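Given next are the chains, with one letter for each unit.
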Amino acid sequence: MKAATSNPKDGYRNRVELVQGTLDMLILRTLQWGAQHGHGIGQAIRANSGELLQVETGSLYPALHRLEKQGWISSEWKTSDKNQRAKYYDLTKNGKKQLLAQQSNWELFLKAVKGVMRPLA
């Protein structure tokens, strides 16, 4: 997953890798709103980040397979709105628990980074 810079002229040239594990948390969070196919998950992450985050296909689908293997999401083949066969992913009960744990860890991480970037002394 890549994060865009604030300057649109820079385009993909200045995208940076995000913290490992962030994509898993964002996928779980997106699925908290309901089942979605892979492309829709990527679009939702991009839209909800104000177009700053773009999930590459080469990152998204391996993450979805990994999350399914861990039992945090389930999948089912369905027909999409565009009348095409698509694999839809949904958050499991264990996935909801994992999301809560990852959100807590994320908040601690943000607090730690803030402390380094803006030390009190």
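The structure this text deals with has already been given above.
As a starting point, this report considers the structure included with it. (Residues numbered from 1 in each chain as written. Predicted model: local features only at pLDDT ≥ 70, side-chain atom pairs only at ≥ 80, totals over all residues. Heavy atoms only, no water.)

Overview of helix 1 (residues 22-31)
Filter applied, for reference: Residue burial is assigned from relative accessible area. The probe radius is 1.4 Å, only protein chains are included, and a residue is buried under 20% of its type maximum, exposed over 50%, and partly exposed in between. Helix and strand definitions here come from DSSP, where helices need a minimum of 4 consecutive H or I residues and strands a minimum of 2 consecutive E residues; each element is numbered from the N-terminal end. Any pair of residues with heavy atoms lying within 4.5 Å of one another is described as a contacting pair.
Most of helix 1 sits out of view: eight of its ten residues are buried. Within the span of helix 1, buried status applies to Thr22, Leu23, Asp24, Met25, Ile27, Leu28, Thr30 and Leu31. The secondary structure elements touched by the buried residues of helix 1 are strand 3 (36-37), helix 2 (38-48), helix 3 (57-69), strand 5 (73-79), strand 6 (85-91) and helix 4 (93-117).

Notes on the pattern of salt bridges
Cut-off, in case you're wondering: Any Lys or Arg side-chain nitrogen located within 4 Å of an Asp or Glu carboxyl oxygen qualifies as a salt bridge.
Evaluated as defined, the whole model comprises three salt bridges. Between Arg46 and Glu51 there is a salt bridge, with its nearest N and O atoms 3.3 Å apart. On the basis of relative accessibility, which here comes to 29%, the residue Arg46 falls in the partly exposed class. A relative accessible area of 48% places Glu51 in the partly exposed class. Salt-bridge contacts for Lys87 lead to Glu68; the nearest nitrogen and oxygen are separated by 3.9 Å. Placement of the pair is Lys87 in strand 6 and Glu68 in helix 3, with a sequence separation of 19 residues. Assessed through its relative accessible area of 24%, Glu68 is described here as partly exposed.

So, the sheet that holds strand 3
Stated precisely, the cut-off is as follows: We call two strands paired when DSSP finds no fewer than two bridges between them.
As summarised here, the arrangement of the three strands in space is 3-6-5, forming an open sheet in which the pairing is antiparallel. The outermost strands of the open sheet, each flanked by one partner alone, are strand 3 and strand 5. Here strand 3 runs beside strand 6; their pairing, made up of two bridges, is antiparallel. Paired with Gln36 across the strands is Tyr89, a residue of strand 6.

Topic: unusual backbone geometry
Positive phi values are uncommon outside glycine, yet Glu51 reaches one of about 70°. Summarising the element assignment, Glu51 is placed in the loop between helix 2 and strand 4 (53-54).

A short note on the nonpolar core
As a rule of thumb, nonpolar side chains are buried together in soluble globular proteins. The criterion, for reference: By nonpolar core is meant a set of buried Ala, Val, Leu, Ile, Met, Phe, Trp, Tyr and Cys residues that side-chain atoms within 4.5 Å join together.
In this structure, Ile27, Leu28, Leu31, Ile41, Ile45, Leu64 and Ile73 are the most contacted members of the largest nonpolar core, which totals 18 residues. Breaking this core down by element, the ones donating at least two residues are helix 1, helix 2, helix 3 and strand 6. Ranked by residues supplied to this core, first place goes to helix 1 with five residues.

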